[in-house]
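Spelled out, the chains give:
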Amino acid sequence: MDVSRPEFVPDPSLSRDEMEALQREIADVALFEDDFAFDPSAIEFDSPVDLGDDDQHRLTGDSPIVAGVDQAFLDDGDRALSAVVALQDGRVVDRAYAVVDTEIPYIPGLLSFREGGAILAALSNLAVEPDLLVVDGSGRIHFREAGLATHIGVMVDVPAIGVAKNLLCGTPAESIPDRMAEGDRIPIEADERVETAEPGTVIGHAVQTRQYQSGSTSINPLYVSPGHRVSAATTVDLVSQCAAGYKLPEPTRLADREADRLKRQGGEA
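Residues numbered from 1 in each chain as written. Predicted model: local features only at pLDDT ≥ 70, side-chain atom pairs only at ≥ 80, totals over all residues. Heavy atoms only, no water.

Engineer: Would you mind going over the overall build of the protein with me for this structure?
Structural biologist: What the protein contains, in helices and strands, is five helices and nine strands. When the helices and strands of the protein are read in sequence order from the N terminus, they spell out α-β-β-β-α-β-α-β-β-β-β-β-α-α. Here the C-alpha atoms of the protein give a radius of gyration of 17 Å, agreeing with the 18 Å that 2.2 N^0.38 yields for 269 residues. Its C-alpha atoms give the protein principal-axis dimensions of about 50 × 50 × 40 Å. Counting over 269 residues, the protein shows a buried share of 54%. Counted over contacts in the protein with a minimum sequence separation of 6, partners at least 24 positions apart contribute 69%. Here the protein contributes 22 positive and 48 negative side-chain charges, whose respective centroids are spaced 5 Å apart. (Helix = DSSP H or I, 4+ residues; strand = E, 2+ residues; numbered from the N terminus. Rg over C-alpha atoms; globule rule 2.2 N^0.38 Å. Buried < 20%, exposed > 50% of the residue type's maximum accessible area, 1.4 Å probe, protein only. Contact = heavy atoms within 4.5 Å. Lys, Arg positive; Asp, Glu negative; His and termini not counted. Charge placed at Lys NZ, Arg CZ, Asp CG, Glu CD.)

Structure (structure tokens):
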């Protein structure tokens, strides 16, 4: 995949003020509306996908290609490993990875400047062109509406959504119960921590993709948000369609497994 907006490539040498200013520019050009050519209903995972060593299939027809993106770290965080798994019709059609030195520590809200270089390198190693990126990280749910999924989506100009396990900012439109039912969704609205959006703007959702049958234990919701060229409502639908019995949607679940596998092998395939 090629970078469409090289001016937004994350530069870890920038000052914090410069990084935040760049994020405001990214948010200004990001499109949080549906702007894609594929049929969303064509993305469906009826069952979990088996990520074996030889399960890479050939592309078939015009079905959308969905790529999951996730990261791991090597050498006590000195190197970021990004894994990308591309799927079509519920089958793996390609996968790629890259390992890049990290130059800054984790700073809330500036994750793309730590991990973005590895993600771009992994995407450049992918042999197929995804129609949708599902990124482990926030999109519009971000202090400047420019989380990891937004930053990556804008740079490569591909529809992208962010899937996070924790709420970075924003306020639920209603109190999130201790136990959400499977399929439930609660809007997340911009609050005073979101610099670039009017208070009350829906910037994402808390989504319950899976829940235990028993009421004695519960699974926490995911926080999903548009990254680029996808609306908040469609983002929820797509994440729900990508779920196949696990909490994480299949694209990021498989990318997470691939990143863990490569990490165990020291960053070598």
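Engineer: What's the story with a negative patch on the surface in this structure? I'm lost.
Structural biologist: Taken together, the side chains of Asp11, Asp17, Glu18, Asp76, Asp78, Asp101 and Glu103 make up a negatively charged region of the molecular surface. Structurally, aspartate 17 is set in helix H1 (residues 16-29). Since its relative accessible area comes to 60%, aspartate 17 is described here as exposed. (Patch = residues over 30% accessible without salt bridge, like charges linked within 9 Å, V, L, I, M, F, W, Y side chains within 5 Å. Areas by Shrake-Rupley, 256 points an atom, 1.4 Å probe, with all protein chains shown as cover. Salt bridge = Lys/Arg side-chain N within 4 Å of Asp/Glu carboxyl O.)

Engineer: Explain the nonpolar core to me, please; I cannot follow it from the model alone.
Structural biologist: Nonpolar side chains in soluble globular proteins generally cluster together in the buried interior. If you look at the biggest cluster of nonpolar residues, it comprises 35 residues, and the most contacted ones within it are Val84, Ala86, Leu123, Leu133, Ile152 and Val156. Those elements that place two or more of their residues in this core are H1, strand E1 (65-74), strand E2 (79-88), strand E3 (91-101), helix H2 (111-124), strand E4 (132-136) and helix H3 (148-156). Aside from chain neighbours lying at most four places away, what touches valine 156 is Met1, Asp2, Ser4, Leu120, Leu123 and Leu133. (Core = buried A, V, L, I, M, F, W, Y, C linked by side-chain atoms within 4.5 Å.)

Engineer: Would you take a moment to explain the packing of aromatic side chains for this structure?
Structural biologist: Note on aromatic pairs: each is described by the distance of the centres and the angle between the planes. As enumerated under the stated definition, the model contains one aromatic pair in all. Between arginine 253 and the ring centre of tyrosine 246, over which it is positioned, the NZ or CZ distance is 4.1 Å. (Phe/Tyr/Trp six-rings, centres within 6.5 Å; stacked < 30°, edge-to-face > 60°. Lys NZ or Arg CZ within 6 Å of the ring centre and 35° of its normal.)

Engineer: I'm lost on the environment of glutamine 23 in this one. Help?
Structural biologist: Relative to the elements of secondary structure, glutamine 23 occurs in helix H1. Each C-alpha atom, one on glutamine 23 and one on arginine 144, is 6.4 Å from the other, the two residues being 121 residues apart in sequence.

Engineer: Before we go on, may I ask you to explain the packing of H2 against H3 in this structure?
Structural biologist: Helix-helix packing is described using two parameters, namely the angle between the two axes and the distance between the axes. Running from amino to carboxyl end, H2 crosses H3 at an angle of 45°, the nearest separation of the two axes being 10 Å. Judged on the interaxial angle alone, H3 and H2 are oblique. Both H2 and H3 take part in a crossing whose hand is right-handed. Between H2 and H3, the residues in contact are Leu111, Ser112, Phe113, Glu115, Gly116, Ile119, Leu120 and Leu123 and Leu148, His151, Ile152, Met155 and Val156, respectively. Partitioned by chemical class, the residues of the contact of H2 with H3 number nine nonpolar, three polar and one charged. (Axes fitted to C-alpha atoms, helices over the stretch in contact; angles between N-to-C directions. Parallel < 35°, antiparallel > 145°, perpendicular 65-115°, else oblique. Left-handed = near helix turned anticlockwise from the far one by under 90°. Nonpolar A, V, L, I, M, F, W, Y, C, P; charged D, E, K, R; others polar.)

Engineer: Explanation requested: the pattern of salt bridges in the structure shown.
Structural biologist: Two side chains that carry opposite charge are able to pair once their charged atoms sit near each other. Evaluated as defined, the whole model comprises 16 salt bridges. As a salt-bridge pair, arginine 24 and glutamate 20 come within 4.0 Å of each other at their nearest N and O atoms. In this pair, arginine 24 and glutamate 20 both sit in helix H1, four residues apart, roughly one turn of the helix. The class of glutamate 20 is buried, set by a relative accessible area of 14%. Between glutamate 250 and arginine 253 there is a salt bridge, with its nearest N and O atoms 2.7 Å apart. You can see glutamate 250 and its partner arginine 253 sitting in helix H5 (residues 250-264), three residues apart, about one turn around the helix. Both residues of the pair, glutamate 250 and arginine 253, belong to the buried class. The network of salt bridges with shared partners includes Arg16, Glu20, Arg24, Arg144 and Glu195.

Engineer: What is the right way to read H1 from this model?
Structural biologist: An α-helical segment advances 3.6 residues per turn. Residues three or four places apart therefore align on the same side. With 14 residues, H1 extends 20 Å from end C-alpha to end C-alpha; this agrees with the ideal 20 Å at 1.5 Å per step. Looking only at H1, the buried set comprises Met19, Glu20, Leu22, Gln23, Ile26 and Ala27. All buried residues of H1 project into a common sector of 155° when viewed along the axis, lining one side. Facing away from the buried side of H1, by more than 90 degrees, are the exposed residues Asp17 and Asp28. On the buried face of H1, the contacting elements are H2 and H3. (Expected span 1.5 Å × (residues − 1). Arc of directions from axis to C-beta.)

Engineer: Help me out: how do you make sense of the pairing of strand E9 (residues 222-228) in this one?
Structural biologist: A regular strand places its side chains on the two faces of the sheet in alternate fashion. Burial within E9 is extensive, with seven of its seven residues counted as buried. As judged from the five bridges shared by strand E5 (residues 160-164) and E9, these two strands associate in the antiparallel manner. Bridging across to E9, valine 163 finds its partner in valine 224. (Pairing = 2+ DSSP bridges.)

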